[in-house]
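# Remarks on the overall topology
Chain residues, written in single-letter form:
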Amino acid sequence: MSKIEVCGGCNAKIAAGNLDSLLKDINPYRRDDVLVGFDGKDDAAVIDIDGKTAIIQTLDFFPAMVEDPYLFGQIAAANSLSDIYAMGGEVVSALNIAMFPLEEDFDILRQILRGGNDKVSEAKASLVGGHSIHDNLTKYGLSVTGKVAIDKIWQNNTPQDKDVILLTKKLGTGLITGSYNQGMVSDEDFKACTDQMKLLNKYARDIFVNYDIHAATDVTGFGLLGHLSEMAGDDFSIIVDSKKVPVLEPALDLANEFLFTTGGQNNRNYLKNVVEFYKDDFAMSEVLFDPQTSGGLLVAVDRHTADQIIEEFKKQNMDIYEIGEVKSRRSYPIIVK
């Protein structure tokens, strides 16, 4: 079977600075039952249904970052579902979004859709339809609906002083997927990367919902530092311990060879006045700016809760990493030591 052209993932996102310019003059009508819209740069929209339960709406799609169509479908679906989990929600249903070249073998598209359906089914949700068009480049994703109790919604910019920052997946997916076809990444390291990318954030969410989560998001196209800057908001600074940040092999080596991504440079430029580095380490900074596809959940919790969560993840044989802490506002929103 033919393979799909590789050029995307969350590295294909429009740069954050360009988005700010595009959206600054757009002022949507705001209904009273819309609890969270795009004005807060949160992960998804939240709509009050009955005063107790809310609907979460999100969508995500992008060009392929891997050649295998079934794997691409899995990764794209896992990435699309993640915004629901990042707000503490349960996925209910999903709609396919598919663009595919007219001249290509439609069995490729069938494999992509099969991969997406398998991940939606794994999430215990229903795939209920979708929309497809012809395009010169294959793209795929999902429009997703979830639900959450209104008093249990997680937002991305509500941490508390002295909170601990926890992360559930390693960084470096953009660097690795972008370099694999150039022979710079082994098959073993590539598989470790894609295995992580297709892993649903459902399993981390299912543990987190049993604790008091002060703030949460997932790490995607704006990189770890971009999403942390949203979490810090106007009142806090987040101190990142670079020695504790988990990194996929061989992302640091690739960055040391100056094999960086366009998305990573967009993130670096956008955050140049937001982040202070205590140590001059280009490779590590590149990993921290690297756009992630289907990255992990990022949460802020108090010290005692963090210890409990870490212990529970260990019991479940799941990865979790303590990477930083929240402090009252310093000179920069993000400080990397």
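A short tour of the structure in this document, coming up. Owing to the predicted nature of the structure, the values given are computational and were not obtained by experimental measurement.

Spatially, the 6 strands line up as an open sheet ordered 1-2-3-6-4-5, and their pairing is mixed. Looking at strand neighbours, the two that pair on one side only are strand 1 (34-36) and strand 5 (126-134), the edges of this open sheet. Taken pair by pair, the neighbouring strands of this sheet meet at an average axis angle of 20°, ignoring direction. Against the sheet, helix 2 (residues 69-86) engages strand 3 (53-63), strand 4 (90-100) and strand 6 (139-149), with an angle of about 30° to strand 6. The sheet contacts of helix 3 (residues 106-122) involve strand 4, strand 5 and strand 6, and relative to strand 4 the element is tilted by about 170°.

Here we come to the packing of aromatic side chains. Counted according to the given criterion, the structure contains 8 aromatic pairs. Here the aromatic residues Phe62, Phe72 and Tyr140 are joined through ring pairs into a cluster of three or more. Over the ring of tyrosine 70 we find arginine 114; its NZ or CZ atom is 4.1 Å from the centre of that ring.

The subject of this paragraph is the packing of helix 2 against helix 3. Following both chains from N to C, one finds helix 2 and helix 3 inclined at 40°, their axes separated by 7 Å at the closest point. Taken as axis vectors, helix 2 and helix 3 run oblique relative to one another. Relative to helix 3, the crossing made by helix 2 is right-handed. Taking contact as the criterion, the partners of Pro69, Tyr70, Phe72, Gly73, Gln74, Ala77 and Leu81 in helix 2 are, on helix 3, Ile108, Gln111, Ile112, Arg114, Gly115, Gly116, Asp118, Lys119 and Val120.

A separate point is the packing of helix 4 (residues 173-180) against helix 5 (residues 187-197). In helix packing, the relevant descriptors are the interaxial angle and the interaxial distance, both defined with respect to the helix axes. At their nearest, the axes of helix 4 and helix 5 sit 10 Å apart, and the two run at 130° to each other. Viewed along their axes, helix 4 and helix 5 adopt a mutual orientation that is oblique. The two elements helix 4 and helix 5 cross, and the hand of that crossing is left-handed. On helix 5, the residues touching Thr173, Ile176, Thr177 and Tyr180 of helix 4 are Asp187, Phe190, Cys193, Gln196 and Met197. By residue class, the composition of the contact of helix 4 with helix 5 is 5 nonpolar, 3 polar and 1 charged.

Our next topic: the environment of leucine 113. Here leucine 113 is to be found in helix 3. Residue leucine 113 is classed as partly exposed on the basis of its relative accessible area of 27%. As a C-alpha pair, leucine 113 and threonine 53 span 60 residues in sequence and 30 Å in three-dimensional space. When residues no more than four places from it in sequence are discounted, the contact partners of leucine 113 are Asn96 and Tyr140.

For the rest of this paragraph, the subject is a nonpolar patch on the surface. A contiguous nonpolar surface patch, about 270 Å² in accessible area, is contributed by Leu23, Ile26 and Phe38. Within the element layout of this structure, isoleucine 26 appears in the loop between helix 1 (16-23) and strand 1.

Another aspect to go through is helix 5. Along an α-helix, residues three or four positions apart point the same way, because every turn accommodates 3.6 residues. Regarding helix 5, the residues found buried are Phe190, Cys193, Thr194, Gln196 and Met197. Seen along its axis, helix 5 keeps its buried residues to an arc of 155°; they face one direction. Exposed residues pointing more than 90 degrees away from the buried face of helix 5 are listed as Asp187 and Glu188. Buried residues along helix 5 sit in contact with helix 2 and helix 4.

What counts as what
Residues numbered from 1 in each chain as written. Predicted model: local features only at pLDDT ≥ 70, side-chain atom pairs only at ≥ 80, totals over all residues. Heavy atoms only, no water. Pairing = 2+ DSSP bridges. Helix = DSSP H or I, 4+ residues; strand = E, 2+ residues; numbered from the N terminus. Axes fitted to C-alpha atoms, helices over the stretch in contact; angles between N-to-C directions. Contact = heavy atoms within 4.5 Å. Phe/Tyr/Trp six-rings, centres within 6.5 Å; stacked < 30°, edge-to-face > 60°. Lys NZ or Arg CZ within 6 Å of the ring centre and 35° of its normal. Parallel < 35°, antiparallel > 145°, perpendicular 65-115°, else oblique. Left-handed = near helix turned anticlockwise from the far one by under 90°. Nonpolar A, V, L, I, M, F, W, Y, C, P; charged D, E, K, R; others polar. Buried < 20%, exposed > 50% of the residue type's maximum accessible area, 1.4 Å probe, protein only. Patch = residues over 30% accessible without salt bridge, like charges linked within 9 Å, V, L, I, M, F, W, Y side chains within 5 Å. Areas by Shrake-Rupley, 256 points an atom, 1.4 Å probe, with all protein chains shown as cover. Salt bridge = Lys/Arg side-chain N within 4 Å of Asp/Glu carboxyl O. Arc of directions from axis to C-beta.

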